[in-house]
Amino acid sequence: MPEFVVKTAGGRYAAVVERGILARTAEFVPVSAGKIFVITTRDVWDAHGAALDAALATKERDVLYFPGGEANKRLSQVEALCDAMLHGGADRSSSVIAFGGGIVGDVGGFVAASYMRGVKVLQIPTTLLAQVDAATGGKTGVNLVGGKNLLGAFHQPHAVLVDPTVLDTLPQREYVAGLYEVIKYGVIQTPWLFDLLEDKRDEVLGRDPDTVDTLIAESVRIKAEVVSADERESGLRRILNFGHTLGHALEAETRYERLLHGEAVGFGMIAATLLAERLGLLDKMSSESIVEVVNDYGPIPSLAGVEAENLCARLFQDKKTIQGKVHFVLPESIGSVVVKSGIDPEEVLHATRDALKRTRQA
C-alpha cells in the first residue's frame, strides 16, 4: 500500500495507507517520546483498543476518553483533556495519539497543539471521513455555538496511519458520510475517481477491499499534495472546501445534532454545484451528474424546518469569510474547481433553496 509525504514549512511527515498498519504503531512514535496519551472514544477503544494497546506494549501510556460528537467538540473538552494529561504526568516529551474519527482527530490535535505550547501528535483515523480527509493536513480545532472550527490551530502530525481494516466495524451511515468527501476529491481534481463512484456504487457501498483501498489512497494522495503546496489555506488548499461553505452553515443551523459532517458536505456540494450552474460556470450535464452521484449515496437526514435564508445568514460567521466576503468553491467541470467571492447574495439564496429541494432526504 502507498505512502504519501506531506512537506510543510515545519518539516515533513508520512501519511501511510496500509492494511494492518495499526499493529506497527510503535514504529511511528517519536524516538524521543516520553509518556503517550491516547485520546479516543469508548466505542473506538472497545472495537480496536486491544490492537493498539498490544502495538504499544513497550511504551508507557494512558488512555483518555473524549465523549465524541460535534456537540462536545468544545473548548471545555480540550481543557479537561489537558488537565488529565497534566495529572497523568505529561511533559514536553509526551506525545498524543488521536485515535478515532475526524472529531477525535480535531480535538486530539488541538490538545497536542495547546499542551505546553505543543507536543507531537500521531493521527490514527478510524472512520472513512477521517482517513480520506481530516487526519492529514494539520487542521485542528473545536466549535463555537455560532460556527464550526472557529477555535483551533495548524499543528501538523508526526505521522498519519491509515488502516482500512478498521472500517470493518464502522456503521454504514458513518461509512457513507465519508464517501461524500471522496466525491469531493473526484470533483475537485480526479475525474476517474468520480467515475468510479458513479459506475461502481455497489462495490463502493459493499466495501469491496480493492475499491475501498483505491478510494482512500487517491484521496490521501490529493490531500497530501494540496497541503504540501499550501499548508495554511492561503491559496490552493481552499479547493478542499468544496461543499463546506454551506455545509458548515447547515451543521451550525441544526446545532450539530442532526447531520454527520459528511452528510452536511453532501448538501453543500449540491448547493455549490447548482450555484455554479446558475452562474454559467458549469454545464447542465455535468451539474446533473454531480447532483445525481451525491444523491445516489443518500439519503441524508431530513432537512425539514431548515430555511435557506437562515443558512445564507450564517455564511458570514464562517471562518472562510474574509472581510465580509464569502468564498465559494465552485466546479467548472468534473475535475476542476474555482474559488469565487463577491457573488450576488440572491444567486446564493436561489441555489440554496434549490439544493434544499433537490437533495435526497430521509
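What counts, and where the lines are drawn
- Residues numbered from 1 in each chain as written.
- Predicted model: local features only at pLDDT ≥ 70, side-chain atom pairs only at ≥ 80, totals over all residues.
- Heavy atoms only, no water.
- Helix = DSSP H or I, 4+ residues; strand = E, 2+ residues; numbered from the N terminus.
- Rg over C-alpha atoms; globule rule 2.2 N^0.38 Å.
- Buried < 20%, exposed > 50% of the residue type's maximum accessible area, 1.4 Å probe, protein only.
- Phe/Tyr/Trp six-rings, centres within 6.5 Å; stacked < 30°, edge-to-face > 60°.
- Expected span 1.5 Å × (residues − 1).
- Arc of directions from axis to C-beta.
- Contact = heavy atoms within 4.5 Å.
- Polar contact = N/O pair within 3.5 Å; in protein donor to acceptor, adjacent residues only side chain to side chain.
- Pairing = 2+ DSSP bridges.
- Axes fitted to C-alpha atoms, helices over the stretch in contact; angles between N-to-C directions.
- Core = buried A, V, L, I, M, F, W, Y, C linked by side-chain atoms within 4.5 Å.

## With respect to the overall build of the protein chain
Point 1. Scanning the protein chain for helices and strands turns up 13 helices and eleven strands.
Point 2. In terms of overall dimensions, the protein chain is globule-like: its C-alpha atoms have a radius of gyration of 20 Å, near the 21 Å expected for 362 residues.
Point 3. Dimensions of the protein chain along its principal axes, counting C-alpha atoms only, are 60 × 40 × 40 Å.
Point 4. Buried positions account for 57% of the 362 residues belonging to the protein chain.

## Quick word on the packing of aromatic side chains
In this description, a pair of aromatic rings is defined by centroid distance and the angle of the planes.
Point 1. For the coordinates displayed, the defined rule picks out one aromatic pair.
Point 2. With a centroid separation of 6.2 Å and an interplanar angle of 85 degrees, the aromatic rings of Trp 45 and Phe 99 are classed as edge-to-face. Of the two residues, Trp 45 is situated in helix 1 (residues 42–55) and Phe 99 in strand 5 (residues 95–100); the sequence distance between them amounts to 54 residues. When sorted by exposure, Trp 45 lands in the same class as Phe 99, which is buried.

## Notes on helix 13 (residues 345–358)
Point 1. For helix 13, spanning 14 residues, the distance from its first C-alpha to its last is 20 Å, which sits close to the expected 20 Å at 1.5 Å a residue.
Point 2. For helix 13, the full list of buried residues reads Val 348, Leu 349, Ala 351, Thr 352, Ala 355 and Leu 356. With its buried residues spanning 165 degrees around the axis, helix 13 presents them on a single face.
Point 3. Residues of helix 13 that are buried sit in contact with helix 9 (244–253), helix 10 (261–278), helix 12 (308–314) and strand 10 (328–333).
Point 4. With a side-chain oxygen lying 3.0 Å from the backbone nitrogen of Glu 346, the N-terminal cap of helix 13 falls on Asp 344.

## Section: the pairing of strand 10
Point 1. Bridge count for strand 10 against strand 11 (residues 336–340) is five bridges, and the pairing is antiparallel. Directly across from Phe 328, in strand 11, lies its bridge partner Lys 340.

## Re the sheet that holds strand 1 (residues 3–8)
Point 1. Pairing within the open sheet is mixed, and its seven strands lie in the order 1-2-9-6-5-3-4. Taken across any chain shown, the strands that pair with only one partner, and hence form the sheet edges, are strand 1 and strand 4 (61–65). The mean inter-strand angle of the sheet, taken between neighbouring strand axes irrespective of direction, is 20 degrees.
Point 2. In the sheet, strand 5 pairs with strand 6 (residues 120–125) via six bridges, with the strands oriented parallel. The residue of strand 6 that forms the bridge with Phe 99 is Ile 124.
Point 3. The strands that helix 3 (residues 102–114) touches are strand 3 (36–40), strand 5 and strand 6; relative to strand 5, the one it contacts most, it runs at about 170 degrees.
Point 4. Most of the contacts of helix 8 (residues 209–229) go to strand 1, to which it runs at about 15 degrees, and overall it touches strand 1, strand 2 (11–17) and strand 9 (159–162).

## Quick notes on the nonpolar core
Point 1. Ranked by internal contacts, the top residues of the largest apolar core, which has 77 residues, are Ile 183, Ile 216, Phe 267, Tyr 297 and Phe 328.
Point 2. Looking at which element gives the most residues to this core, the answer is helix 10, with ten residues.
Point 3. Excluding anything up to four places from it in sequence, Phe 267 contacts Leu 246, Leu 250, Ile 300, Leu 303, Leu 311, Thr 352, Ala 355, Leu 356 and Thr 359.
Point 4. Counting 21 residues, the second-largest nonpolar core is a separate cluster that includes Val 96, Ala 98, Phe 110 and Val 142.

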